[in-house]
Amino acid sequence: MNRSSCREAVFHRVAVACDHGGLALKDVVVSSLEGLGIEALDLGTNSPDSVDYPDFAAAAAYRIADGTAEAAILICGTGIGMAMSANKVAGIRAANCGDEYSASMARAHNDANALALGARVVGPGLAEALVERFCTTPFEGGRHARRVEKMMELETRGVEE
Ligand code: RB5
């Protein structure tokens, strides 16, 4: 039995996007999602040719924004460019995680809807564990909901009053 199937997924459809630096992990991520019973919406890239990570981060972020996907897994060399780019899109809370605790907390406390991974940082075994933590940890709500609400208000707030 795939160890990912032990816990119940909180998402049904998750977009997956990578650049050339993240390509090595994309199949692992797609298989991990499928092992959790989650439909993976593969948005590329599909070749090692150099591409620009903001294009792929945007493609996935817009699928969350328009409701096609509930969440996204974004992979580049470090996870940094993907997370930074996705977080420019309204409604996206992308967390770049390289340890299981952070991947759980990104969901439980921050209600993250995108997980960014660095394929040059994280190996396939850890990537599978991170995807599982991210996709099976529910948001705790309560005091964290107030904080996430304040976070999202920063999208529309001007300079400090
Ligand atoms: C591509 O070489 C690399 O810069 C990209 O994958 C990512 O790590 C950027 O944040």
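Let me sum up the structure you'll find in this document. (Residues numbered from 1 in each chain as written. Predicted model: local features only at pLDDT ≥ 70, side-chain atom pairs only at ≥ 80, totals over all residues. Heavy atoms only, no water.)

## Considerations on the pairing of strand E5 (residues 114–118)
Working step 1: The buried count for E5 comes to 5 of 5 residues, which makes it a mostly enclosed element.
Working step 2: Every second residue of E5 is oriented toward a common face, with Ala-114, Ala-116 and Gly-118 on one face and Leu-115 and Leu-117 on the other, all of them buried.
Working step 3: A crossover links strand E4 (residues 94–96) with its parallel partner E5, the connecting element being helix H4 (residues 100–108), and its sense is right-handed. (Buried < 20%, exposed > 50% of the residue type's maximum accessible area, 1.4 Å probe, protein only. Helix = DSSP H or I, 4+ residues; strand = E, 2+ residues; numbered from the N terminus. Right-handed = clockwise from strand over helix to strand, strands pointing away.)

## Digging into the nonpolar core
Note that soluble globular proteins tend to have their nonpolar side chains buried in a common cluster.
Working step 1: The biggest cluster of nonpolar side chains holds 27 residues, and the ones touching the most others in it are Leu-33, Ile-73, Ile-75, Leu-117 and Val-131.
Working step 2: At the level of elements, strand E1 (13–18), helix H1 (23–35), strand E3 (71–76), H4, E5 and helix H5 (124–136) are the ones that each hand at least two residues to this core.
Working step 3: When residues of this core are assigned to their parent elements, the largest contribution, 5 residues, is made by H5. (Core = buried A, V, L, I, M, F, W, Y, C linked by side-chain atoms within 4.5 Å.)

## Some points on the site of the ligand
Working step 1: In the region of the ligand, the neighbouring residues are Asp-19, His-20, Tyr-53, Cys-76, Gly-77, Thr-78, Ile-80, Gly-81 and Arg-120.
Working step 2: One of the backbone nitrogen or oxygen atoms of Gly-77 is found 2.8 Å away from an oxygen atom of the ligand.
Working step 3: About the coverage of the ligand: the protein hides 72% of its 290 Å² of free accessible area.
Working step 4: Within the shell around the ligand, the residues separate by chemical class into 3 nonpolar, 4 polar and 2 charged. (Near = heavy atom within 4 Å. Polar contact = N/O pair within 3.5 Å; in protein donor to acceptor, adjacent residues only side chain to side chain. Areas by Shrake-Rupley, 256 points an atom, 1.4 Å probe, with all protein chains shown as cover. Nonpolar A, V, L, I, M, F, W, Y, C, P; charged D, E, K, R; others polar.)

## Looking at the side chain of Ser-85
Working step 1: Secondary-structure assignment places Ser-85 in helix H3 (residues 80–86).
Working step 2: Not counting the four nearest positions on each side in its chain, Ser-85 is found in contact with Tyr-53, Pro-54 and Ala-57. (Contact = heavy atoms within 4.5 Å.)

## Focus: the environment of Arg-120
Working step 1: Take Arg-120: it is sitting in the loop between E5 and H5.
Working step 2: Sequence-wise, Arg-120 and Gly-77 are 43 residues apart; in three dimensions their C-alpha atoms are separated by 5.0 Å.
Working step 3: If we skip the residues at most four places from it in the chain, Arg-120 touches His-20, Gly-21 and Gly-77.

## Observations regarding the packing of aromatic side chains
Working step 1: Applying the stated criterion across every chain, the model contains 1 aromatic pair.
Working step 2: Aromatic pair Phe-11 and Phe-134: ring centres 5.7 Å apart, planes at 35°, arrangement tilted. Within this pair, whereas Phe-11 is found in the segment before E1, its partner Phe-134 is found in helix H5, the two being separated by 123 residues in sequence. (Phe/Tyr/Trp six-rings, centres within 6.5 Å; stacked < 30°, edge-to-face > 60°.)

## Examining the pattern of salt bridges
Working step 1: Considering all chains together, one arrives at 6 salt bridges under this definition.
Working step 2: Salt-bridge contacts for Arg-63 lead to Asp-66; the nearest nitrogen and oxygen are separated by 2.8 Å.
Working step 3: Overall, Arg-63 belongs to the partly exposed group, its relative accessible area being 26%.
Working step 4: Counted as one network, the salt bridges with shared partners bring together Arg-93, Arg-107 and Asp-111. (Salt bridge = Lys/Arg side-chain N within 4 Å of Asp/Glu carboxyl O.)

## Concerning the sheet that holds E3
Working step 1: In space, the 5 strands of this open sheet follow the order E2-E1-E3-E5-E4, with parallel pairing throughout. A single partner strand is all that each edge strand has here, and the edge strands are strand E2 (39–42) and E4. Across the sheet, the mean angle from the axis of one strand to that of its neighbour is 25°, orientation sign disregarded.
Working step 2: Across the sheet, H5 touches E3 and E5, and the angle it forms with E5 is around 170°. (Pairing = 2+ DSSP bridges. Axes fitted to C-alpha atoms, helices over the stretch in contact; angles between N-to-C directions.)

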